[in-house]
Amino acid sequence: MFEITQHQKQYQTYVLTDASTDSLLEVVPERGGIITRWRVQGREILYLDAERFARPEMSIRGGIPILFPICGNLPDNTYTYQGQQYTLKQHGFARDLPWEVTNSQTNNDSASLTLVLNSNEQTRTVYPFDFQVEFTYEFKGNWLGIWQRFVNRSSAPMPFSTGLHPYFQVSDKTDLKFEIPATQFQNQITKEMHAFSGNFDFELEELDLAFRPLSNQKATVSDNAQRLQLTWSSNYYGTLVFWTIKGKDYYCLEPWTAPRNALNTGTDLIYIEPGGEAQTWVNLDITST
């Protein structure tokens, strides 16, 4: 029923398939450990800008990029730790670095792939900690589980935030219906706070909205045009960001453990003691409506 195969395209690509439901998951470890494709019962769930993906110098727009050790950007891309200033670009470095596959397995219930990113000389120049980040993608039918483990190998407590930046394919954004467990959001462009009515103005050129605090760890998006519903659930993630650009066939619903600039403000940062670890998870379910 479940199978994992490898294909050499521009990058080595791992393909997890569930033949019984015509579903598959594609992962490209060397391009930031990213999920590039998720098909559920023959329907493509994710958007991918193939031209940007093919160019390593460009950030990817599409799939499910990994955000670590920050979510969003910092003022002037800088933060201060123990009196020293560091430069760290938007969303951190995990989405740009090659990851290593450490395990792949199938059983009667699912297929899974585990990838690891270790600190190195390059990461320590912008983030002065020794760490290991482990992601396991577990896949079956219409369900995707993303299990994350963060280990601090430094001699000091390690602060970080993490998140995902999934790009969901959409044909008509006005056919989307959102249930987000928050009563307000911050417009991250204007910095203004607004009450949330359940609707968005898709005539605006760009929507970049941060929902927090969340009353629970579950949100749904119903796509009436495609007759499917996406359900997101997690632990630890206290911020949901909705982002889209007018005229583009995608929307992003991004779970973040902390808001923008958390390395400077300390808001909702996760701290791991030396030798310790933290585990987070995100589940995505697709159902037909």
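Residues numbered from 1 in each chain as written. Predicted model: local features only at pLDDT ≥ 70, side-chain atom pairs only at ≥ 80, totals over all residues. Heavy atoms only, no water.

For the protein, an unreviewed UniProt entry supplies the name Aldose epimerase and the organism Scytonema millei VB511283.

### A closer look at the pattern of salt bridges
In total, this model carries twelve salt bridges according to the counting rule given. Residue Asp-22 is joined to Arg-39 by a salt bridge in which the shortest nitrogen-to-oxygen separation is 2.9 Å. Of the two residues, Asp-22 sits in the loop between strand S2 (12-18) and strand S3 (23-28) while Arg-39 sits in strand S4 (residues 34-40), which places them 17 residues apart along the sequence. A residue is classified by how much of its surface remains accessible, and Asp-22, at 37% relative accessible area, is partly exposed. The class of Arg-39 is buried, set by a relative accessible area of 18%. Here Asp-130 makes a salt bridge to Arg-124, at a shortest N to O gap of 2.6 Å. The structure contains a network of salt bridges with shared partners spanning Lys-9, Glu-26, Arg-37 and Glu-44. (Salt bridge = Lys/Arg side-chain N within 4 Å of Asp/Glu carboxyl O. Helix = DSSP H or I, 4+ residues; strand = E, 2+ residues; numbered from the N terminus. Buried < 20%, exposed > 50% of the residue type's maximum accessible area, 1.4 Å probe, protein only.)

### Here's the deal with the pairing of strand S22 (residues 239-245)
Where burial is concerned, most of S22 is hidden: seven out of the seven residues are buried. Here six bridges tie strand S19 (residues 206-211) to S22, and the two strands are oriented antiparallel to one another. Considered in S22, the bridge of Phe-211 is made with Leu-240. As defined by bridge partners, S22 adjoins strand S23 (residues 250-256) across five bridges and the pair is classed as antiparallel. What sits directly across from Trp-243, in S23, is Cys-252. Hairpin geometry of S22 and S23 is characterised by an intervening segment of four residues between the two adjacent antiparallel strands and by a positive phi of about 85° at Gly-247. (Pairing = 2+ DSSP bridges.)

### So, empty space enclosed by the protein
The tally for this structure, following the rule as stated, stands at two cavities of 30 Å³ or more. By volume, the largest cavity is sized at about 90 Å³. If you trace the largest cavity, you find it lined by Glu-44, Ile-45, Phe-168, Gln-169, Val-221, Asp-223, Gln-226, Leu-228, Leu-230, Tyr-251 and Ile-286. Elements represented by at least two residues in the lining of the largest cavity include exactly strand S15 (167-169), strand S20 (218-223) and strand S21 (228-234). Among the residues forming the lining of the largest cavity, the class breakdown is seven nonpolar, two polar and two charged. Considered as a void within the structure, the second largest cavity measures approximately 30 Å³ in volume. Ile-34, Ser-59, Ile-60, Pro-65, Arg-95 and Asp-96 are the residues that line the second largest cavity. Here the lining of the second largest cavity is composed, by residue class, of three nonpolar, one polar and two charged. (1 Å grid on protein atoms, 1.4 Å probe; cavity = no way out; pocket = protein on both sides within 12 Å on 5 of 7 lines; lining within 4 Å. Points joined across faces, edges and corners; volume = space filled by probe spheres on them. Nonpolar A, V, L, I, M, F, W, Y, C, P; charged D, E, K, R; others polar.)

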